[in-house]
Amino acid sequence: MIISTPENSRGGGRTLRPGDPSLSAESRAADERALVSERVQGIVDERRARDRVDTGRIHPYFGKLRAQLEKQMDAPPLFDMPSFPKQMLYAYAEKARQFGASGSPGNVPGPRQAPKPGELLGRRARDEPGYNRLRSRVQAGEELQDFAQGVSTMKLVVTLELLQGPDGILREVKLISRSGNHAYDDYVLQAVPPALGKFPAPPPDAMGVHTDGIRSVWSVEGRVVYVRKLSEMKKGSDNVYLAALAAVGLLAGGFEETTGEVSVIDVRNPHFECRSRLLRVY
């Protein structure tokens, strides 16, 4: 299995001397035509690979592959990420940027995304003072949830290309783009091979599986989150912390329907979380 990075995958060259046949006008014209044809084909292949993912025309195998990658990166270190106050400042700046771009403090919902409670209240409230007070509290809670879940915090993103054989065995990992944090990049590159070491072979008729193997591109996004399971919290200082949040109206969290786990926002215990996203399947 090969791990290639931009530093160790640079191509070489050759020395040209006067009279070399490749310097002739005919040879250069042929090289230019081949180069243009290769670029056009590359653009077509990229678009098809992206459309397969965007339209959902991929096999469930890739969903299992994503779950396996995230399972391997279940407990990463913090990677010397900025402190809590800096993360808060970044989140505030991101909200301001979104407001300047769209006129809304949050992301504009897409055509398939349900509106948030704060947006529904805003549509109904208009200029009603009572509704406006309630809407402001709901929106504040939504923004706090976004921050705690890492939606609006600083992120580290690595882009990888995985080359697998038709049997699913990983042959090569190509680092396409770095995150800016070498420790995080190294962690991701070291985590991918063991994650796919014993991964089962895909069905031979699955979309994206060819006789020469599987080629896919992924982004691995890392972020600091401030969410903690309620079952992990203990009596004493944790109860005091929860009571203090409730007193100022900041006690918020979530409920996992599949496991029944309740989570709360805990800014005292940040931890790092990695999420993989499939970008292209060739």
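Just so it is clear, the model here is predicted, and its values are computed rather than measured.

1. Quick look at helix H6 (residues 182–196)
Helix length check: H6, at 15 residues, gives a terminal C-alpha distance of 22 Å against a target of 21 Å (1.5 Å per residue), a fit within 8%. All of the buried residues along H6 are Tyr184, Asp185, Tyr187, Val188, Leu189, Ala191, Val192, Ala195 and Leu196. If you follow the buried residues of H6, they end up packed against strand E1 (2–4), helix H2 (61–72), strand E2 (155–164), strand E3 (170–177), strand E5 (213–225) and strand E9 (271–281). For H6, the N-terminal capping position is held by Asn181, with its side-chain oxygen 3.1 Å away from the main-chain nitrogen of Ala183.

2. What to know about the pattern of salt bridges
Under the counting rule described, the total for this entry stands at 9 salt bridges. Note that Glu70 and Arg275 form a salt bridge whose closest N and O atoms lie 3.6 Å from each other. On the criterion of sequence distance, the pair formed by Glu70 in helix H2 and Arg275 in strand E9 is long-range, its members being 205 residues apart. Since its relative accessible area comes to 37%, Arg275 is described here as partly exposed. A single network of salt bridges, built from pairs that share partners, joins Arg66, Glu70, Glu273 and Arg275.

3. Some remarks on the packing of H2 against H6
At their nearest, the axes of H2 and H6 sit 9 Å apart, and the two run at 125° to each other. Between H2 and H6, the interaxial angle falls into the category oblique. Crossing of H2 against H6: the hand is right-handed. Two secondary-structure elements touch here, H2 through Leu65, Gln68, Leu69 and Gln72 and H6 through Tyr187, Ala191, Val192, Pro194, Ala195 and Leu196. Residue composition of the contact of H2 with H6, grouped by class: 8 nonpolar, 2 polar and no charged.

4. Comments concerning a nonpolar patch on the surface
Together, Val36, Val40 and Val44 make up a nonpolar patch on the protein surface, roughly 210 Å² of accessible area in all. Mapped onto the elements, Val44 comes out in helix H1 (residues 25–54).

5. Description of the pairing of E2
The element E2 is largely enclosed, with a buried count of 8 among its 10 residues. With 10 bridges joining them, E2 and E5 adopt antiparallel strand pairing. Directly across from Leu162, in E5, lies its bridge partner Ser216. Both E2 and E3 contribute to a ladder of 6 bridges, which runs antiparallel.

6. Details of the packing of aromatic side chains
Going through the model one piece at a time under the given rule, you end up with 6 aromatic pairs. Judged by centre distance (5.5 Å) and plane angle (85°), the rings of Tyr61 and Phe62 are edge-to-face. Look at Tyr61 and you get buried, because its relative accessible area is 5%. Linked through ring pairs, Phe79, Tyr184, Tyr187 and Phe272 together constitute an aromatic cluster. The positively charged end of Arg215 is found above the aromatic ring belonging to Tyr282, 3.8 Å away from the centroid.

7. A word on the nonpolar core
Counting residues in hydrophobic clusters, the biggest one holds 40 residues, and the most contacted among them are Leu160, Tyr184, Val188 and Val192. For this core, the secondary-structure elements that each account for two or more residues are H2, helix H5 (129–148), E2, E3, H6, E5 and E9. Among the elements that take part in this core, H6 stands out by supplying 8 residues, more than any other. Val192 has contacts with Leu69, Leu160, Leu162, Leu170 and Val173, leaving out every residue within four places of it along the chain.

So, how was this worked out
- Residues numbered from 1 in each chain as written.
- Predicted model: local features only at pLDDT ≥ 70, side-chain atom pairs only at ≥ 80, totals over all residues.
- Heavy atoms only, no water.
- Helix = DSSP H or I, 4+ residues; strand = E, 2+ residues; numbered from the N terminus.
- Expected span 1.5 Å × (residues − 1).
- Buried < 20%, exposed > 50% of the residue type's maximum accessible area, 1.4 Å probe, protein only.
- Contact = heavy atoms within 4.5 Å.
- Polar contact = N/O pair within 3.5 Å; in protein donor to acceptor, adjacent residues only side chain to side chain.
- Salt bridge = Lys/Arg side-chain N within 4 Å of Asp/Glu carboxyl O.
- Axes fitted to C-alpha atoms, helices over the stretch in contact; angles between N-to-C directions.
- Parallel < 35°, antiparallel > 145°, perpendicular 65-115°, else oblique.
- Left-handed = near helix turned anticlockwise from the far one by under 90°.
- Nonpolar A, V, L, I, M, F, W, Y, C, P; charged D, E, K, R; others polar.
- Patch = residues over 30% accessible without salt bridge, like charges linked within 9 Å, V, L, I, M, F, W, Y side chains within 5 Å.
- Areas by Shrake-Rupley, 256 points an atom, 1.4 Å probe, with all protein chains shown as cover.
- Pairing = 2+ DSSP bridges.
- Phe/Tyr/Trp six-rings, centres within 6.5 Å; stacked < 30°, edge-to-face > 60°.
- Lys NZ or Arg CZ within 6 Å of the ring centre and 35° of its normal.
- Core = buried A, V, L, I, M, F, W, Y, C linked by side-chain atoms within 4.5 Å.

Read these as spatial facts, not as claims about activity.
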